[in-house]
Amino acid sequence: MSGTVDAVDTRRAGWDGAAARRQLVADGFCHVPGVLDPVALQATRDAAEAALGTIGADHRTQWRSQGSLVPVADHPSFAPLIAHVGFQEMFGRLGLHGTLFSSGYVISKPPGGPALFWHQDWWGWQHPISREDRVSQVALFLYMTDTTRQNGCLRLVPGTHRRRHPLHDLVDAHDPTLAEVKNPDDDAFASHPDEIDVPVKAGDVVVVDARLIHGAHSNRSGKERTNITLWWHPDYESLPASLQARIWRVYEREGIDTDFDPDRSLRLDTWPEPQRSQVLPFIVTDPGPAEPEPWMRTPVF
């Protein structure tokens, strides 16, 4: 099933939220045009550029495949993005009510950056909810520039959030050797006949089920290709208590395999005013004494 999902002109009216919801459930992703207006897009670009200015060569080496992995929680300048009204409108039209935020990253591929390895990001495979139609966690991928295959657009394998695929049998995709691209010939970086490309316009959003296998092409352009990834949880308050407890630990930045720096441990509820007040209505809540769901990234179908 090789092919391309055409980028939608962000000025085109008539986006069908119900059809997009059906695609999200069936294929594991959907493309939402023009969510960020030009003012919000430029403000987000500025925040991302400032965040990237805080990292050095060691960070780029550690996360070479991703390009960078800068926690949004370390940068209160992202408050207007998390609170952007366009997200709530989008969630409503997708039927994703009660959707709350837990974490996010600036994932920015520099010129010459290699492909992002194939992986899925769900950590709760031990729980039976993982085998249901329910969408329990989504990533919002927001690109700061138009993306193409040339500069490292998203690639994915539709339907792999609900069915097993040979790419599930690759080495653990969150192994540090993949992030550092110790072996560029590893199959985790290779093209696959089932993949499709998802090029988008700056300001669009790609909504991706956390269980879906995805990656990105290498950046063969001469400019940085920056993506902000935000993790949200539809109908958070009705999720099983163990999942809420694990999500709360993620929000607290405890026991995460993509967030290692003990010296940078901000949380959104500890941000200074007015940024704290902006985001408080949208962040996950503490479920109390429930035991967190075991951290398990190995898919079970």
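Just so you know, these numbers come straight off a predicted model, no measurement behind them. (Residues numbered from 1 in each chain as written. Predicted model: local features only at pLDDT ≥ 70, side-chain atom pairs only at ≥ 80, totals over all residues. Heavy atoms only, no water.)

Caption draft 1: Just the overall build of the protein, in detail. Counting its secondary structure elements, the protein contains eight helices and eleven strands. Here the C-alpha atoms of the protein give a radius of gyration of 18 Å, agreeing with the 19 Å that 2.2 N^0.38 yields for 301 residues. Along the first, second and third principal axes, the C-alpha set of the protein runs to 45 × 45 × 40 Å. Within the protein, contacts between residues at least 6 apart in sequence are counted, and of these 87% link residues at least 24 apart. As displayed, the protein offers around 12,500 Å² of accessible surface, 52% of which is attributable to carbon and sulfur atoms. (Helix = DSSP H or I, 4+ residues; strand = E, 2+ residues; numbered from the N terminus. Rg over C-alpha atoms; globule rule 2.2 N^0.38 Å. Contact = heavy atoms within 4.5 Å. Areas by Shrake-Rupley, 256 points an atom, 1.4 Å probe, with all protein chains shown as cover.)

Caption draft 2: Region of the structure containing unusual backbone geometry. In the segment running from Glu 273 into Pro 274, the intervening peptide bond is cis, with an omega of 5 degrees. You can see Pro 274 is positioned in the loop between helix H7 (241-251) and helix H8 (275-279). Although it is not a glycine, Val 181 sits at a positive phi angle of roughly 55 degrees. Residue position: Val 181 is located in the loop between helix H6 (176-179) and strand E8 (196-198). Classification of Val 181 by relative accessible area gives buried; the value is 7%. The phi torsion at Arg 253 lies on the positive side, around 65 degrees, for a residue other than glycine. Mapped onto the elements of the fold, Arg 253 is located in the loop between H7 and H8. (Buried < 20%, exposed > 50% of the residue type's maximum accessible area, 1.4 Å probe, protein only.)

Caption draft 3: Layout of the environment of Pro 287. By the secondary structure assignment, Pro 287 is in the segment after H8. Residues Pro 287 and Tyr 105, spaced 182 residues apart in sequence, show a C-alpha to C-alpha distance of 24 Å. The residues contacting Pro 287, other than those within four sequence positions of it, are Tyr 236, Gln 244, Ala 245 and Trp 248.

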